[in-house]
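Close look at the chain arrangement
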Amino acid sequence: MNKKTLDNQKLVKAAVLGAITIVLGLTPLGLIPLGVINATTMHIPVIIAAIIEGPVVGALVGLIFGLFSLVNAFVRPTPIAFAFYNPLISILPRILIGITSYYAYKGAMKVSAKNSKTLSRILWILLIGVLLYLLIRNIASGAELINIIFIILLLVVAIGLFIYTRKSKGLDFPIAIGAFVGSMTNSILVLGGIYLIYAEKYVAAVGIPLESAKAAILGVIITSGLPEAMLSVIISTAVVKAVKKARR
């Protein structure tokens, strides 16, 4: 009976986090404007589910994310929507987010507490530095106010987490590693799959030569994938720490 209750709880949590993913996809909250790029947030509930509840719940939320991507490709088609008609592009990578996030998190838990603390501080200093650079660049270029506001909010959260890390016995590094790996799983597998399966159709859709496909997709991974990973680290760490604290 207890096992059945536990399974039901996991299904409910997966459904709730999956619903949040869909809401993000249907509203402007799914894209965070950082000036030069827009970073998606749709994969973050998958990462949070995996770290807090384990790989099964993470994979279930990833499945919901993937199914939404598949349906969305039909309902709101874009020039490259054809790639997302394939479940190997739209669904499988999203399921794997929940699995890679969890095992990266568990693997990083094996790092000693002292080293984890040091790595956490280095991580937050680097993220704060990147956000300050983005803020200065956006102000200097006269970017839209909404871009500047989002960057300031992320900067405040990053500084808060850095201060909290110095005073707290909790460890941020494993959460950050889980979030980073999960986010890059999404970027690399989706874009890599598009390159391997649909390179010719992709370059025709975006209007670039075939020989430039590899460089173009690698460029997207760097310019969008890394900022999305950074965003995932900040939001996932804040949410996971808050949930773990509430549970205690």
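This structure is a prediction, so every number in the text was calculated from the model and none was measured.

**What to know about the overall build of the protein chain**
- If you tally the helices and strands in the protein chain, you get ten helices and two strands.
- Order of helices (α) and strands (β) in the protein chain, N terminus to C terminus: α-β-β-α-α-α-α-α-α-α-α-α.
- Among the 248 residues that make up the protein chain, the fraction classed as buried is 46%.
- Carbon and sulfur atoms make up 72% of the accessible area of the protein chain, which totals about 12,600 Å².

**Regarding the packing of helix α3 (residues 55–75) against helix α6 (residues 92–108)**
- Contact pair α3 / α6: the axes reach a minimum separation of 6 Å and the direction vectors enclose 155°. If you check the angle between α3 and α6, you find them roughly antiparallel. The handedness of the crossing between α3 and α6 comes out as right-handed. Mapping the contact onto sequence places P55, G58, A59, G62, L63, F65, G66 and S69 in α3 and R94, I95, I97, G98, I99, Y102 and Y103 in α6.
- Looking at side-chain class alone, the contact of α3 with α6 contains nine nonpolar, five polar and one charged residues.

**Regarding the pattern of salt bridges**
- According to the stated counting rule, one finds one salt bridge in the structure shown.
- Between K13 and E53 there is a salt bridge, with its nearest N and O atoms 3.1 Å apart. In this pair, K13 sits in helix α1 (residues 2–26) while E53 sits in helix α2 (residues 44–53), placing the two residues 40 residues apart along the sequence.
- What makes K13 partly exposed here is its relative accessible area of 31%.

**What about the environment of K106?**
- Along the chain, the position of K106 falls in helix α6.
- K106 sits in the partly exposed class, given a relative accessible area of 38%.

**A short note on α2**
- Counting buried positions along α2 yields ten of ten residues, so the element is predominantly enclosed.
- Taken together, the buried positions of α2 are occupied by I44, P45, V46, I47, I48, A49, A50, I51, I52 and E53.
- Among the residues trailing α2, G54 stands out with phi positive, at a value near 105°.

**Looking at a nonpolar patch on the surface**
- Taken together, the side chains of L88, L92, Y195, L196 and I197 make up a nonpolar region of the molecular surface, amounting to roughly 490 Å² of accessible area.
- The residue L92 is located in helix α6 in this model.
- In this structure L92 comes out as partly exposed when scored by relative accessible area, which is 38%.

**Some remarks on the packing of aromatic side chains**
- Scanning all chains against the criterion turns up three aromatic pairs.
- Pairing Y102 with Y103 gives two aromatic rings, centres 5.0 Å apart and planes at 85°, and the pair type is edge-to-face.

Calculation rules
Residues numbered from 1 in each chain as written. Predicted model: local features only at pLDDT ≥ 70, side-chain atom pairs only at ≥ 80, totals over all residues. Heavy atoms only, no water. Helix = DSSP H or I, 4+ residues; strand = E, 2+ residues; numbered from the N terminus. Buried < 20%, exposed > 50% of the residue type's maximum accessible area, 1.4 Å probe, protein only. Areas by Shrake-Rupley, 256 points an atom, 1.4 Å probe, with all protein chains shown as cover. Axes fitted to C-alpha atoms, helices over the stretch in contact; angles between N-to-C directions. Parallel < 35°, antiparallel > 145°, perpendicular 65-115°, else oblique. Left-handed = near helix turned anticlockwise from the far one by under 90°. Contact = heavy atoms within 4.5 Å. Nonpolar A, V, L, I, M, F, W, Y, C, P; charged D, E, K, R; others polar. Salt bridge = Lys/Arg side-chain N within 4 Å of Asp/Glu carboxyl O. Patch = residues over 30% accessible without salt bridge, like charges linked within 9 Å, V, L, I, M, F, W, Y side chains within 5 Å. Phe/Tyr/Trp six-rings, centres within 6.5 Å; stacked < 30°, edge-to-face > 60°.

Taken by themselves, the reported measurements are silent on function.
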